[in-house]
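# Structural features, examined
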Amino acid sequence: MASIEKRQNVAGETVYRVKVRAKGVSVTDTFYRLSDAKGWAREQETNIERGRFTAMEADRHTFSELIERYIAEVVPTKKDWAKQQVTHLRAWLAIIGNVKLSRVTPDAIDRARKVLLNTPYKRADTGPEYQRSPAVVNRYYAALQHCMGKACDWGWIERNPLDRVDKFSESRGRVRFLSPNERDRLLKACKDIGNPALTLLVFLALCTGARDMELR
């Protein structure tokens, strides 16, 4: 059974608060248009009638609730380098907003991703601004993809919306190797600095091609 109540929000705008309750399930939402409120009510009644409880869960849980649970339960199980996902996920939340999971659609994700790509950021409050590359935004994409995948596992959503959003294409770049003479000059410069740890790190990097955090 659905009920729709006409209200005024804090900005003085007219909104319609709709509540659907049936078979022990209750969901609510607010819309600016009465037609949208009625359409949503019909959809939720159909979901309840057909037993589509996962669809109902997507209207019960918020984007913020998902991210906080993911940070609390999943991130601690990951390696230290993967904990940067916390920053990535909170960046998504800041752009998309604390909406219900049913509204974290492929279109919403694509729009937010373009904002990430086009908005400069700072690594420190007083530092310079940097522009995110497509490759960097793809790291944000990967964090959200795994987070939304957990929402599927927990029964909060039916399908991961990122399955319908392709990653940005990345430039393969140019791989250049040091010549023997350049390699010898680099190692000599490290030794001249007098820091044994630096010399060892550079030597390991030359031998293995490992990343900075892997070397450390």
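The structure reproduced in this document is the subject of the present report. (Residues numbered from 1 in each chain as written. Predicted model: local features only at pLDDT ≥ 70, side-chain atom pairs only at ≥ 80, totals over all residues. Heavy atoms only, no water.)

Take the nonpolar core next. F63, W92, L101, I109, L144 and M148 are the most contacted members of the largest nonpolar core, which has 31 residues in total. Residue assignment for this core shows that the elements contributing at least two residues are α3 (63-73), α4 (85-96), α5 (106-118) and α6 (134-153). Not counting the four nearest positions on each side in its chain, F63 is found in contact with W92, L93, I96, G97, N98, V99, L101, V104, L144 and M148. Y16, V20, V27 and A37 belong to the second-largest nonpolar core, a separate cluster that totals nine residues. (Core = buried A, V, L, I, M, F, W, Y, C linked by side-chain atoms within 4.5 Å. Buried < 20%, exposed > 50% of the residue type's maximum accessible area, 1.4 Å probe, protein only. Helix = DSSP H or I, 4+ residues; strand = E, 2+ residues; numbered from the N terminus. Contact = heavy atoms within 4.5 Å.)

This part takes up helix α7 (residues 180-193). Taking 1.5 Å as the rise per residue, α7 with 14 residues should run 20 Å; its terminal C-alpha atoms sit 20 Å apart, in good agreement. Looking one or two places after α7, you find G194, whose phi comes out positive at around 85°. (Expected span 1.5 Å × (residues − 1).)

Now for α4. For α4, spanning twelve residues, the distance from its first C-alpha to its last is 16 Å, which sits close to the expected 16 Å at 1.5 Å a residue. Within α4, the full set of buried residues consists of Q85, V86, H88, L89, A91, W92, L93 and I96. Against α3, α5 and α6 lie the buried residues of α4.

Let's shift gears to the packing of α4 against α6. As a packed pair, α4 and α6 sit with axes 9 Å apart at the nearest point and diverge in direction by 85°. Classified by the angle between their axes, α4 and α6 sit roughly perpendicular to one another. The segment α4 lies against α6, with Q85, H88, L89, A91 and W92 engaging R139, Y140, Y141, A143, L144 and C147. Its residues placed into classes, the contact of α4 with α6 shows eight nonpolar, two polar and one charged. (Axes fitted to C-alpha atoms, helices over the stretch in contact; angles between N-to-C directions. Parallel < 35°, antiparallel > 145°, perpendicular 65-115°, else oblique. Nonpolar A, V, L, I, M, F, W, Y, C, P; charged D, E, K, R; others polar.)

Here we take up the packing of α3 against α4. Where α3 meets α4, the closest approach of the two axes is 10 Å, and the angle between their N-to-C directions is 175°. When the interaxial angle is binned, α3 and α4 end up roughly antiparallel. Note on element contacts: α4 touches α3 through Q85, V86, L89, R90, W92, L93 and I96, opposite F63, S64, I67, E68, Y70 and I71. In terms of residue class, the contact of α3 with α4 is built from nine nonpolar, two polar and two charged.

This brings us to the packing of aromatic side chains. Tallying each qualifying case throughout the model produces three aromatic pairs. Plain terms: the ring middles of F31 and W40 are 5.8 Å apart, the flat faces sit at 50° to each other, and that makes the pair tilted. The residue whose ring lies beneath R69 is W154, and the NZ or CZ to ring-centre distance is 3.8 Å. Sitting above the plane of the F168 ring, R113 keeps its charged end 4.1 Å from the centroid. (Phe/Tyr/Trp six-rings, centres within 6.5 Å; stacked < 30°, edge-to-face > 60°. Lys NZ or Arg CZ within 6 Å of the ring centre and 35° of its normal.)

In this fold, L215 is placed in helix α9 (residues 212-215). On a C-alpha basis, the gap between L215 and V104 in space is 38 Å, while along the polypeptide they are 111 residues apart. Residue contacts for L215: discarding those within four places in its chain leaves L201, L204, A205, T208 and A210.

Of note, V136 is situated in helix α6. Assessed through its relative accessible area of 31%, V136 is described here as partly exposed. The spacing of V136 and G155 is 19 residues in sequence and 30 Å in space, taken between C-alpha atoms.

Quick look at the pattern of salt bridges now. All chains considered together, the criterion is met by twelve salt bridges. Note that D36 is salt-bridged to R33, the shortest N-O span being 3.0 Å. Salt bridges linked by common partners bring D110, R113 and K114 together as one network. (Salt bridge = Lys/Arg side-chain N within 4 Å of Asp/Glu carboxyl O.)

Further remarks concern a nonpolar patch on the surface. Taken together, L178, L186 and L206 make up a surface patch of nonpolar side chains, about 220 Å² in accessible area. Classification of L186 as partly exposed rests on a relative accessible area of 33%. (Patch = residues over 30% accessible without salt bridge, like charges linked within 9 Å, V, L, I, M, F, W, Y side chains within 5 Å. Areas by Shrake-Rupley, 256 points an atom, 1.4 Å probe, with all protein chains shown as cover.)

Residue placement: N138 occurs in helix α6. Here the side chain of N138 touches F168 through a polar contact of 2.9 Å, landing on its backbone oxygen. What N138 contacts, discounting residues up to four positions off in sequence, is K167, F168 and E170. (Polar contact = N/O pair within 3.5 Å; in protein donor to acceptor, adjacent residues only side chain to side chain.)

Take it as geometry only, folks, not as evidence of what the structure does.
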